[in-house]
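# Examining the three-dimensional arrangement
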Amino acid sequence: METQTQTVKKQKVVATEKMTGAEAVIRCLLAEGVDLIYGYPGGAIMPVYDELYKYQDQLHHVLTRHEQGATHAAQGYARTSGRVGVAIATSGPGATNFVTGIADAQIDSTPMVCITGQVGSHLLGTDAFQETDIIGISMPITKWNCQVTKAEDIPTVLAKAFYIARSGRPGPVLVDITKDAQFGELDFIYEKCKGVRSYQAIPETEPKSLEAAAKLINGAKKPMIVFGQGVILGEAEEELKNFIEKTGIPAAWTILGLSALPTSHPLNVGMVGMHGNYGPNKLTNECDLLLAIGMRFDDRVTGNLETYAKQAKVVHFEIDPAEIDKNVKADVAVMGDVKNTLAKILPLVKSNTHDSWFQEFKDYDAIEYDKVIKDELYPSKEGLSMGEVLRGINEETKGDAVIVSDVGQHQMIACRYAEFTKSKSNVTSGGLGTMGFALPAAIGAKMGAPDREVVAIIGDGGYQMTIQELGTIFQTKVPVKIVVLNNDFLGMVRQWQQLFFDKRYASTEMVNPDFIKIAEGYHIKSTRITKRENLQDAIAEMIACEGPYFLEVCVEKENNVFPMIPTGASVSDIRLE
Amino acid sequence: MEKENFTISVYTENNIGLLNRISAIFLKRHINLDSMTASASEIKDVFRFTIVVKITEEQVKKLIGQIEKQIEVIKAFYHKDEETIYQETALFKVASKLLFEDRQIQNVIKNSNANIVTVTPEFFVLEKTGRRREVEALYHKLEPFGLMQFVRSGRIAVTKDKMHISKILESFGSETV
């Protein structure tokens, strides 16, 4: 790794301090403004933990119950705070347990720095105890990764790691540090990384692309916006709102774009994609101009690409050049950070309204309300629906809460029905679909936004994948509110079995433990609700509770989430039942 | 879209893990590499990968996007065969006694534009540089006599047009690492 230090061109002459590599790791974190990390100790990272002991007043360490939990907590923290999440673990199994969280952060563009210990450099490649090639393993799922074998390389590599994780399209970075590098001595000096020669974080915006886009926008009769997480990552919520309001263009969102625009905004027309709203999916195939803003045309958004928005011109506002024409061909690509490009295009677009076009969304909304939403939010059947739980949470929190969801039916219901007034309020595993994400992510989400109410919505399946993090909640007393929507099924898989596999419910029925007793074991206040008349009071009690709270709601076992675009179908073939 | 040969040139920082990152991009998409050569480039401390694939132009454009996305990749280009000057090198190891036993082999060597790299009492080594079909033609001519060993390199290529890599490096400025 000689190259890392050698390539620093202008090293200022500043007084240095002698210290170990392990201490340097802590000092680098402090220099990056990190005051909170998630992790789990072990042999190969012990020198760093030993230094952590010394610095515990400045750098708070949260001991999760599994390394996967540390990564998801770091992700939750990053998503609500807008800062880089940091997770730390030992070599071997500690490092491999990071893999799911890293892959999740990569596909959902979450800024995260993962630090792993590694066996001593003289043991590398000898199949030593707890040696694993985490650099090789994590290569395809990191934005960048690097192994450090010399103490003096630690500051440069960590500075580069933070810069890469947070700049441009953010992502996870892994730094693997051998034990001898942690024990070794160096003259510590920290300089923040300001750039990497081979990496252009934000591509330049061609003025011509803005003009071409503005021309299409000004000439469009039926324009539609689909915005994604790029708006939140770029903190471009205000710019998006100004753009929407000036142009009068109806705006739909992807699952990760949710909460960038308040739910109540008149031009917010709902979610696109597999379980999105009826109108925006149907009208994707009728619009004459599709404005994709900070989104990447995931297959769950587009359905069959052969029949996706073929009639429309497409303008793609995007920071990552590799996304242009990857799935959907753009007639105009506006490269750059959407905060910048949306601000620049604003003076070029005409003030406009699209009343009759907008009415088409409203007409579809009315159909969807009648066929789906009414029964989901106000069910007439005896069994509780997931939707009415979300409605109850909306009523108690007035849309001010951060909603963390896991993966499955409850996630789709949460994203469809949760109401939001503020950005950075929807934390979910979008691209990877990681069951078990929500409980640890909620811990991080609350620590990243301590003044906000954080409610985790989890299914009975995903809950049990990381249930051990109740221990972290108990130990840290972090006041997260946990809602398990229990249908004793892996509901989304069961729904697919019902619809596409002739109701052959292979291994989707769950025989569940007594979740209340488990919560009680961790001394977390808890309630189980089986009847509608008790629901609202229970939600109110949960929200009013000052500490963590566990609420189990036993919901109807075989409800389905609609609307739905079957896999491989066109967005306009969206089904209401 | 028709599949055709593309030569991909990737300029990178000299980094141990990069080969893995780049090959993983092809692996993930089930694209076979016809050849891959890593070497120095015209710029100090900048590496160059020369990769040959047979795919559609749409595919190669997407691959370039994914390759350039890697942090340590400075720039990637793709070119069609007619836009490059390209060569491969092959080595043929042949038993020396054949030279004396069979007149014909002498004629094959004479007409092949191949170089004799070394001669020992046991074997001699022929080096042939050229297009794939020229190397293959020599292979087919020598094969009946019996080859002790044969090896062929991946394609190396330079482009007819300029590569704007130096300009790109300058534009990054000197402040960055």
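Computed from a predicted structure; not experimentally measured. (Residues numbered from 1 in each chain as written. Chains lettered and ligands numbered in written order. Predicted model: local features only at pLDDT ≥ 70, side-chain atom pairs only at ≥ 80, totals over all residues.)

### Description of the overall build of chain A
We apply this condition: Numbering of helices and strands runs from the N terminus; a helix is a DSSP stretch of H or I covering at least four residues, while a strand is a stretch of E covering at least two. It is over C-alpha atoms that the radius of gyration is taken, and the globule rule equals 2.2 Å times the number of residues to the power 0.38. The burial label depends on the number of other C-beta atoms within 10 Å of a residue's C-beta. Counts of 20 or more mean buried, 12 or fewer mean exposed, and intermediate counts mean partly exposed, with C-beta atoms placed from the backbone. By the convention adopted here, residues are in contact when the distance between their C-beta atoms, placed from the backbone, does not exceed 7 Å.
A tally of regular secondary structure across chain A gives 24 helices and 20 strands. A compact globule built from 577 residues should have a C-alpha radius of gyration of about 25 Å, and chain A, at 24 Å, falls within 12% of that. On the principal axes, the C-alpha backbone points of chain A span a range of 70 × 65 × 40 Å. Relative to its 577 residues, chain A shows a buried fraction of 56%. Put simply, of all contacts in chain A between residues at least 6 apart along the chain, 78% involve residues at least 24 apart.

### Examining the UniProt feature "domain: ACT" (unreviewed entry) in chain B
Formally: UniProt positions are given in the numbering used here, feature names are shortened, and annotations may be inferred rather than shown by experiment.
In this structure's numbering, the residues bearing the UniProt feature "domain: ACT" (unreviewed entry) are residues 7-87 of chain B. This span, residues 7-87 of chain B, is 30% helix and 43% strand, and a straight line between its end C-alpha atoms measures 12 Å.

### A short note on the environment of D355 of chain A
Residues and elements named next belong to chain A. On the secondary structure map, D355 appears in helix α16 (residues 355-377). Given 7 C-beta atoms within a 10 Å radius, D355 is considered exposed. Sequence spacing of D355 and I249 is 106 residues, and the spatial spacing of their C-alpha atoms is 9.5 Å.

### A closer look at the confidence of the model for chain B
Applicable threshold: Confidence per residue, as judged by the predictor, is encoded in pLDDT with a range of 0 to 100.
The share of residues in chain B with pLDDT of 70 or more is 95%, and the mean pLDDT across the chain is 91. The ipTM for the predicted assembly is 0.89, set against a pTM of 0.95.

### Structural notes on the sheet that holds strand β2 (residues 35-40) of chain B
Remark on secondary structure: sheet strands pair via backbone hydrogen bonds, oriented parallel or antiparallel. All names here are of chain B. Here is the rule we go by: Only when DSSP finds a minimum of two bridges between them are two strands counted as paired. Axis angles are defined between N-to-C directions and span 0 to 180 degrees, where every axis is a line fitted to C-alpha atoms and, for a helix, only to the segment in contact.
The four strands lie next to each other as β2-β3-β1-β4, forming an open sheet whose pairing is antiparallel. For this open sheet the edge positions go to β2 and β4 (73-80), each flanked by a neighbour on one side alone. Geometrically, the sheet is characterised by an average inter-axis angle of 15° between neighbouring strands, direction not taken into account. Bridge analysis of strand β1 (residues 4-13) against strand β3 (residues 46-55) gives 10 bridges, and the strand direction is antiparallel. Bridge pairing links E4 to I55 in β3. Relative to the sheet, helix α2 (residues 57-69) contacts β1, β3 and β4, its axis offset from that of β4 by approximately 165°.

### Let's talk about helix α2 (residues 21-31) of chain A
Residue and element names in this part refer to chain A. Burial analysis of α2 places nine of its 11 residues in the buried class, which makes it a mostly covered element. Listing the buried residues of α2 in full gives G21, A22, E23, A24, V25, I26, R27, C28 and L29. Backbone geometry just downstream of α2 places G33 in the positive-phi region, at approximately 80°.

### Re helix α6 (residues 99-107) of chain A
All of the buried residues in α6 of chain A are T100, G101, I102, D104, A105 and Q106 of chain A. Buried residues along α6 of chain A sit against α4 (67-81), β5 (112-118), α7 (134-138) and β7 (172-178) of chain A.

### Quick notes on the domain arrangement of chain A
All names here are of chain A. Rules: Boundaries between domains were set according to an automatic or database domain assignment. Side-chain classes follow a simple rule in which Ala, Val, Leu, Ile, Met, Phe, Trp, Tyr, Cys and Pro form the nonpolar group, Asp, Glu, Lys and Arg form the charged group, and the remainder, Gly included, forms the polar group.
Each assigned domain of chain A is listed here: domain 1 (2-188), domain 2 (207-361) and domain 3 (382-554). Distance from the C-alpha centre of domain 1 to the C-alpha centre of domain 2: 37 Å. Class assignment of the residues belonging to the side of domain 1 that touches domain 2 gives a composition of one nonpolar, three polar and two charged.

### Thoughts on the domain arrangement of chain B
Domain boundaries assigned for chain B yield domain 1 (4-84) and domain 2 (86-152). If you average the C-alpha positions of domain 1 of chain B and of domain 2 of chain B, the two centres end up 31 Å apart.

### Looking at the pairing of β2 of chain B
All names here are of chain B. Here β2 runs beside β3; their pairing, made up of six bridges, is antiparallel. Residue pairing for β3: S39 is matched across the bridge by R48. Hairpin geometry of β2 and β3 is characterised by an intervening segment of five residues between the two adjacent antiparallel strands and by a positive phi of about 65° at D45.

### Examining the UniProt feature "domain: Thiamine pyrophosphate enzyme N-terminal TPP-binding" (unreviewed entry) in chain A
UniProt's entry tags residues 19-135 of chain A with the feature "domain: Thiamine pyrophosphate enzyme N-terminal TPP-binding" (unreviewed entry), counted in the numbering of this structure. What you have in residues 19-135 of chain A is 43% helix and 19% strand, and the ends, taken at the C-alpha atoms, are 26 Å apart.

### A closer look at the sheet that holds strand β9 (residues 223-227) of chain A
Residues and elements named next belong to chain A. With parallel pairing, six strands are arranged side by side in an open sheet as β11-β10-β9-β12-β13-β14. For this open sheet the edge positions go to β11 (268-271) and β14 (332-335), each flanked by a neighbour on one side alone. With direction set aside, neighbouring strand axes in the sheet form an average angle of 20°. Across five bridges, the pairing between β9 and strand β12 (residues 289-293) is parallel. Along β12, the bridge assignment pairs V226 with A292.

### Details of the UniProt feature "domain: Thiamine pyrophosphate enzyme TPP-binding" (unreviewed entry) in chain A
The positions that UniProt labels "domain: Thiamine pyrophosphate enzyme TPP-binding" (unreviewed entry) are, in the present scheme, residues 406-553 of chain A. Between the first and last C-alpha atoms of residues 406-553 of chain A the distance is 15 Å; the span itself is 41% helix and 17% strand.

### Some remarks on the nonpolar core
All names here are of chain A. Our working rule: The nonpolar core criterion groups buried Ala, Val, Leu, Ile, Met, Phe, Trp, Tyr and Cys residues into a set whenever they are joined through C-beta atoms within 7 Å.
Counting 179 residues, the largest nonpolar core has A87, V113, I154, V175, A456 and V483 as its most contacted members. For this core, the element with the most residues is helix α8 (residues 154-166), which contributes nine residues. If near-sequence neighbours (up to four positions away) are discounted, I154 is found in contact with G21, A24, V25, C28, V148, I177, A181 and L186.

### Some words on the packing of helix α17 (residues 386-397) of chain A against helix α18 (residues 409-417) of chain A
Packed helices, taken two at a time, are described by their axes: the angle between them and the distance between them. Residues and elements named next belong to chain A. We apply this condition: Orientation is classified from the angle alone, with under 35 degrees giving roughly parallel, over 145 giving roughly antiparallel, 65 to 115 giving roughly perpendicular, and any other angle giving oblique. By the definition used in this description, the sense in which the near helix is turned from the far one sets the handedness, with an anticlockwise turn below a right angle giving left-handed and a clockwise turn giving right-handed.
One way to put it is that α17 packs onto α18 with a least axis distance of 9 Å and a crossing angle of 45°. The angle between α17 and α18 falls in the class oblique. Where α17 crosses over α18, the two elements pack in a sense that is right-handed. The residues of α18 that touch α17, namely those facing M386, G387, L390 and R391, are Q409, H410, I413, A414 and Y417. Looking at the contact of α17 with α18, its residues break down into five nonpolar, three polar and one charged.

### Focus: unusual backbone geometry
Glycine aside, a negative phi is what most residues show, and trans is what most peptide bonds show. For the bond from F562 of chain A to P563 of chain A, the omega torsion is 0°, close enough to zero to count as cis. Looking at where P563 of chain A falls in the secondary structure, it is placed in the segment after β20 (549-554). Positive phi, close to 50°, is recorded for A309 of chain A, a residue that is not glycine. Along the chain, the position of A309 of chain A falls in the loop between α14 (299-302) and β13 (313-318). Even without glycine at this site, N113 of chain B takes up a positive phi of about 60°. Mapped onto the secondary structure, N113 of chain B falls in the loop between α4 (103-110) and β6 (115-119).

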